[in-house]
Amino acid sequence: MKDVAIDRRADRKKRRIHKRQNEILDSAKQHFLARHYKSVTIEDIAEEALVSRATIYSYFKNKNELYGAVVLRDTETLTGSIMAALETGASLADNLRRATNAYMDFFGEHPEYFRELSFHYFPGRQEKLPADIAARIDEKLAMAMARIQHCIEHGISNGEARPVDARAAALALWGHWMGYAHITIIGYARKFGSTEEKIFRTGADAFLSGLITPSTDVEE
């Protein structure tokens, strides 16, 4: 019983820490979106999160690491939703459509990730993410693409998909998603009289039509 009580206390402490970290990240994200990165201070974030500067520094080394944690959290949400959409035993077409929907839903809920946050660590920006956080973001993205690749490989092996380079196909699909998000953000969807959803779905269907063996593609 004593060990159980210790485990419960440790679990409660872990949940409190996780909750506090998320509160800090929520506050930081609001400030990073509202103002230029350089003008945001740890004091601003601490005041918004109702914590002390010392509390923030107990979780994050500096502002750059805090910014990186914001980006990483959103990346984990995106990649987690995509991987959760890929169901064992489902058809390849259904899996890739669900994955597309997951990406589209994330874009709809978090357009700021594509507009202001995720490109922060791309070449050409003044600020760079800490190397360890950038590596973790790359790892999360690679894991999601590897799952898509595995689905395509399975589809090829059971005759659902044409015999293509599964890794190249997975990267191509991801590139389509990024492109759809980009042209929506810069206003091309409205300019050409289309919508975000139509762009995503039409693009996904066009991709699938070139990948899926026609007789195996059953529309949801």
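Residues numbered from 1 in each chain as written. Predicted model: local features only at pLDDT ≥ 70, side-chain atom pairs only at ≥ 80, totals over all residues. Heavy atoms only, no water.

Section: unusual backbone geometry
A positive phi angle, close to 60 degrees, is found at Leu50, a residue other than glycine. Within the secondary structure, Leu50 sits in the loop between helix H2 (42-49) and helix H3 (53-59). (Helix = DSSP H or I, 4+ residues; strand = E, 2+ residues; numbered from the N terminus.)

A word on the packing of helix H5 (residues 92-109) against helix H8 (residues 166-185)
When two helices pack together, their arrangement is captured by the angle between the axes and the distance separating the axes. The contact between H5 and H8 brings their axes to 11 Å, and the two run at 30 degrees. Between H5 and H8, the crossing angle belongs to the class labelled roughly parallel. Viewed along their axes, H5 and H8 form a crossing whose handedness is right-handed. Judged by residue contacts, Leu96, Ala99, Thr100, Tyr103 and Phe107 of H5 engage Leu173, Trp174, Trp177, Met178, Ala181, Thr184 and Ile185 from H8. Its residues assigned to classes, the contact of H5 with H8 shows ten nonpolar, two polar and no charged. (Axes fitted to C-alpha atoms, helices over the stretch in contact; angles between N-to-C directions. Parallel < 35°, antiparallel > 145°, perpendicular 65-115°, else oblique. Left-handed = near helix turned anticlockwise from the far one by under 90°. Contact = heavy atoms within 4.5 Å. Nonpolar A, V, L, I, M, F, W, Y, C, P; charged D, E, K, R; others polar.)

Side note on the layout of surface pockets
Reported here for the largest pocket is a volume of approximately 310 Å³. Secondary structure elements with two or more residues in the lining of the largest pocket: helix H1 (2-34), helix H4 (63-85) and helix H7 (131-157). Examining the composition of the lining of the largest pocket, we find that five residues originate from one element, H4, more than from any other. A class-by-class count of the residues in the lining of the largest pocket yields six nonpolar, three polar and five charged. (1 Å grid on protein atoms, 1.4 Å probe; cavity = no way out; pocket = protein on both sides within 12 Å on 5 of 7 lines; lining within 4 Å. Points joined across faces, edges and corners; volume = space filled by probe spheres on them.)

Some words on the packing of H5 against H7
Where H5 meets H7, the closest approach of the two axes is 10 Å, and the angle between their N-to-C directions is 160 degrees. The orientation of H5 with respect to H7, classified from their angle, is roughly antiparallel. Between H5 and H7 lies a crossing of left-handed hand. Where H5 approaches H7, its residues Leu92, Asn95 and Leu96 are matched on the opposing element by Ile148, Cys151, Ile152 and Gly155. Along the lines of polarity and charge, the residues of the contact of H5 with H7 split into five nonpolar, two polar and no charged.

Quick notes on the packing of aromatic side chains
Tallied over the entire structure, the rule returns 16 aromatic pairs. Aromatic side chains Phe106 and Tyr113 sit 5.3 Å apart centroid to centroid with 80 degrees between the ring planes, which places their arrangement in the edge-to-face category. Like Phe106, the residue Tyr113 is buried in the burial classification. An aromatic cluster is defined as three or more aromatic residues linked by ring pairs; in this entry it consists of Tyr103, Phe106, Phe107, Tyr113, Phe114, Trp174, Trp177, Tyr180 and Phe200. One residue, Lys63, lies across the ring of Tyr37, its end atom 4.4 Å from the ring centre. (Phe/Tyr/Trp six-rings, centres within 6.5 Å; stacked < 30°, edge-to-face > 60°. Buried < 20%, exposed > 50% of the residue type's maximum accessible area, 1.4 Å probe, protein only. Lys NZ or Arg CZ within 6 Å of the ring centre and 35° of its normal.)

Concerning the nonpolar core
Counting residues in hydrophobic clusters, the biggest one holds 62 residues, and the most contacted among them are Ile148 and Trp174. At the level of elements, H1, H2, H4, H5, helix H6 (111-117), H7, H8 and helix H10 (196-211) are the ones that each hand at least two residues to this core. Per-element accounting of this core gives the leading share, ten residues, to H4. Among all residues touching Ile148, those that are not within four sequence positions of it are Ile82, Leu86, Leu96, Ala170, Leu173, Trp174 and Trp177. (Core = buried A, V, L, I, M, F, W, Y, C linked by side-chain atoms within 4.5 Å.)

Topic: H2
Regarding H2, the residues found buried are Ile42, Ile45, Ala46 and Ala49. Along H2, the residues classed as buried sweep out an arc of 100 degrees about the axis, all on the same side. (Arc of directions from axis to C-beta.)

Quick word on H10
With 16 residues, H10 ought to run about 22 Å at 1.5 Å a step, and its terminal C-alpha atoms sit 23 Å apart, in line with that. Burial in H10 covers these residues: Ile199, Phe200, Gly203, Ala204, Phe207, Leu208 and Leu211. Down the axis, H10 shows its buried residues gathered within 155 degrees of arc, on one side only. Contacts from the buried residues of H10 go to H5, H7, H8 and helix H9 (188-191). (Expected span 1.5 Å × (residues − 1).)

Thoughts on a nonpolar patch on the surface
Taken together, the side chains of Ile186, Tyr188 and Phe192 define a hydrophobic patch exposed on the protein surface, amounting to about 340 Å² of accessible area. As for its position among the elements, Tyr188 is in helix H9. For Tyr188, a relative accessible area of 40% corresponds to the partly exposed category. (Patch = residues over 30% accessible without salt bridge, like charges linked within 9 Å, V, L, I, M, F, W, Y side chains within 5 Å. Areas by Shrake-Rupley, 256 points an atom, 1.4 Å probe, with all protein chains shown as cover. Salt bridge = Lys/Arg side-chain N within 4 Å of Asp/Glu carboxyl O.)

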